[in-house]
Amino acid sequence: MEKQRLPKSMQYIFGPVASRRLGRSLGIDLIPFKTCTLNCRYCECGPTTHLTIERRKFGPETQILDEIEYSVTKLQDQIDFITFAGSGEPTLSLSLSSAIKKIKEISTVPVAMLTNGTLLYRPDVLLDISSIDVLIPSLDVVNADMFDYLNRPHPDLCFDQYIEGLKQLRKKYQNTLWLEILLCKGINDSAKDLELMKKLLQEINPDAIQMNTVFRPGTDPDLKPLSEAELSTIQRFLGYPESPRPAIIGGIPVQESPESLPTKRIREILQRRPSTVDDLANGLQVSLTTVRQVIHRLSKNESLIATNKNGQIFYSLAGDKNSTHDAV
Ligand code: SF4
């Protein structure tokens, strides 16, 4: 068995953090500080210092993979998600696909990615992120003028291409899709803008939306937040009354659990017959992400057994007299 290499220092991993969207989350940041395709006025990290749309490797891949292996192995029992995020745009990294592959090889913790979404029209980016469990792109604007004003994109980015990329996601990306919408008072929250946003949402068809506003100071101090009540009203107007709402705790928005997890039903099945993640998702008509979350939680608290059979991982719960791997 290959010995795990101990990384000299942690450059690409942060947390776990109490993420306002994803619970307790281990962060992976593959991008140097403020390297981004956009220079948003509301960015909490300050102005973009490297505005680029060029994808490349920003660090030695061996170190990235060593850090991932070390941290994920050590912390996987304490986290709900592993999240690609940080102070830049994660899809700019050409190390993304190897990083995701490494996580999937060593862990069942669901993987999420926060992205500004501007490069999702590119087939190479879509290929790299195809096995992300929860993809959370942003959409704050409904026309090119506001895109230029609020997001201040790289000059070679085209608003129509960005929007088309989001519209095509449902055909090209199979897992859970949440769309983050950040509104600034008096800037992108007019009745006309929201009407257009509603139409766009019908075409993009995300599983949920995440309403956001300028909770903390951004690059432009003149931007003003909307109130919780205003965000709730807009969320209902946009047609997503059930999407999880951020709860404000001590001034920091904290996301409630994204969905009610059918842990009890999955436990009952695994006490009777070993099942793959696909079996459970198909049988219970829930998403693969939901099943992976439950499996992950069961692995923390109960005697979950994972058996590799012909390249497929079957899960069962120990102490079950009825279970037989040959029966599947
Ligand atoms: S996309 Fe994100 S990281 Fe980039 S400038 Fe906007 S808020 Fe900041």
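For every chain, the first residue of the written sequence is number 1, and numbering continues from 1 onward in sequence order. pLDDT decides what is reported in this predicted model: residues at 70 or higher carry local features, side-chain atom pairs at 80 or more are listed and counted, and totals for whole chains, interfaces and linings draw on all residues regardless. Hydrogens and waters are ignored; side-chain quantities use all the structure's heavy atoms.

A. Layout of the overall build of the protein. A tally of regular secondary structure across the protein gives 10 helices and 13 strands. Summary of the burial criterion: residues with accessible area below 20% of their type's maximum are buried, those above 50% are exposed, and those between are partly exposed, where the area comes from a 1.4 Å probe applied to protein chains only. The buried share among the 328 residues of the protein stands at 50%. Contacts between residues were defined by any pair of non-hydrogen atoms, one from each residue, lying within 4.5 Å. In the protein, of all internal contacts separated by at least 6 residues, the share reaching a separation of at least 24 is 71%. Surface accessibility of the protein: about 15,500 Å² in total, with carbon and sulfur atoms responsible for 51%. Strands are runs of DSSP state E lasting at least two residues, helices are runs of H or I lasting at least four, and both sets are numbered from the N terminus onward. Only the protein chains shown count as cover for residues, with accessible areas throughout obtained via the Shrake-Rupley method and a probe of 1.4 Å.

B. Inspection of the site of the ligand at higher detail. What surrounds the ligand is the set K34, C36, L38, N39, C40, Y42, C43, T48 and N116. Here the shell around the ligand is built from residues that sort into five nonpolar, three polar and one charged. We call a residue near a molecule or strand whenever a single non-hydrogen atom of that residue lies within 4 Å of it. In this count, Pro and Cys sit with the nonpolar residues alongside Ala, Val, Leu, Ile, Met, Phe, Trp and Tyr, while Asp, Glu, Lys and Arg are called charged and the others, Gly among them, polar.

C. Layout of the pattern of salt bridges. Criterion for a salt bridge: a side-chain nitrogen of Lys or Arg within 4 Å of a carboxyl oxygen of Asp or Glu. Scanning the model with the defined rule gives 12 salt bridges in all. Between R292 and D133 there is a salt bridge; the shortest N-O distance is 2.1 Å. With a gap of 159 residues between them, R292 in helix 10 (residues 288-301) and D133 in the loop between helix 3 (123-128) and strand 7 (134-137) connect regions that are remote in the sequence. Relative accessible area serves as the criterion here: at 0%, D133 is assigned to the buried category. One network of salt bridges, with partners in common, ties together R55, R122, D124 and D128.

D. Highlighting the packing of aromatic side chains. The aromatic pairing rule takes the rings of Phe, Tyr and Trp, using the six-membered ring of Trp, and pairs them if the centres are within 6.5 Å, calling planes under 30 degrees apart stacked, those over 60 edge-to-face and the rest tilted. Evaluated as defined, the whole model comprises three aromatic pairs. With centroids separated by 5.5 Å and ring planes inclined at 50 degrees, the aromatic side chains of F147 and F159 adopt a geometry described as tilted. Here F147 is found in helix 4 (residues 144-151), whereas its partner F159 is found in helix 5 (residues 159-172), with 12 residues between them in sequence. Ring pairing ties together the aromatic residues F147, F159 and Y162, which thus form one cluster. Only Lys NZ and Arg CZ are tested; either one counts as a charge over a ring when it is within 6 Å of the ring centre and within 35 degrees of the ring normal. Above the plane of the ring of Y149 lies R41, whose end atom (NZ or CZ) is 4.0 Å from the centre. A cation over an aromatic ring shows up here: K198 above the ring of F237, its NZ or CZ 4.5 Å from the ring centre.

E. Quick peek at the confidence of the model for the protein. On average, the protein scores 84 in pLDDT, and the residues at 70 or more come to 84%. Per-residue confidence from the prediction method is given by pLDDT, with values spanning 0 to 100. The model gives residues 245-261 a pLDDT under 50, and that stretch makes 42 contacts with residues more than four places away or in other chains. pLDDT under 50 marks residues 320-328. Its contacts with residues more than four places away, or in other chains, come to 17 contacts.

F. Local environment of the nonpolar core. Counting residues in each nonpolar core, the largest one holds 67 residues, and the members touching the most others are F84, I129, I132, L135, L139 and I181. When residues no more than four places from it in sequence are discounted, the contact partners of I129 are L96, I100, M113, L120, L135 and Y173. Residue types Ala, Val, Leu, Ile, Met, Phe, Trp, Tyr and Cys, when buried and joined through side-chain atoms within 4.5 Å, form a set referred to as a nonpolar core. Membership of the second largest hydrophobic core comes to 13 residues, among which are L270, I295, L298 and Y315.

G. Broad picture of the pairing of strand 7. Across the two faces of strand 7 the burial is the same, with V134 and I136 and L135 and P137 all buried. Assignment of crossover handedness uses the view with strands pointing away from the viewer, where a clockwise path from the first strand over the helix to the second indicates a right-handed crossover. With helix 3 bridging strand 6 (residues 111-115) and its parallel neighbour strand 7, the resulting β-α-β unit is right-handed. Strand pairing is assigned whenever DSSP detects at least two bridges linking the two strands. Two strands pair when backbone bridges link them, and strand 7 and strand 8 (residues 176-183) are joined in this way by two bridges, in the parallel orientation. Counted as the bridge partner of L135 is L177 from strand 8.

H. Here's a closer look at the side chain of K34. Inspection of the secondary structure assignment puts K34 in the loop between strand 2 (23-28) and strand 3 (35-36). E44 provides the closest opposite charge to the buried, salt-bridge-free K34, at an N-O distance of 10 Å. Polar contact is defined as a pair of N or O atoms within 3.5 Å, subject to the rule that within protein one atom must be able to donate a hydrogen and the other to accept it, and that residues adjacent in sequence are counted only when both atoms are side-chain atoms. At 2.6 Å, the side chain of K34 and the backbone oxygen of G46 are in polar contact. Lys and Arg are tallied as positive, Asp and Glu as negative. Neither His nor the chain termini are counted.

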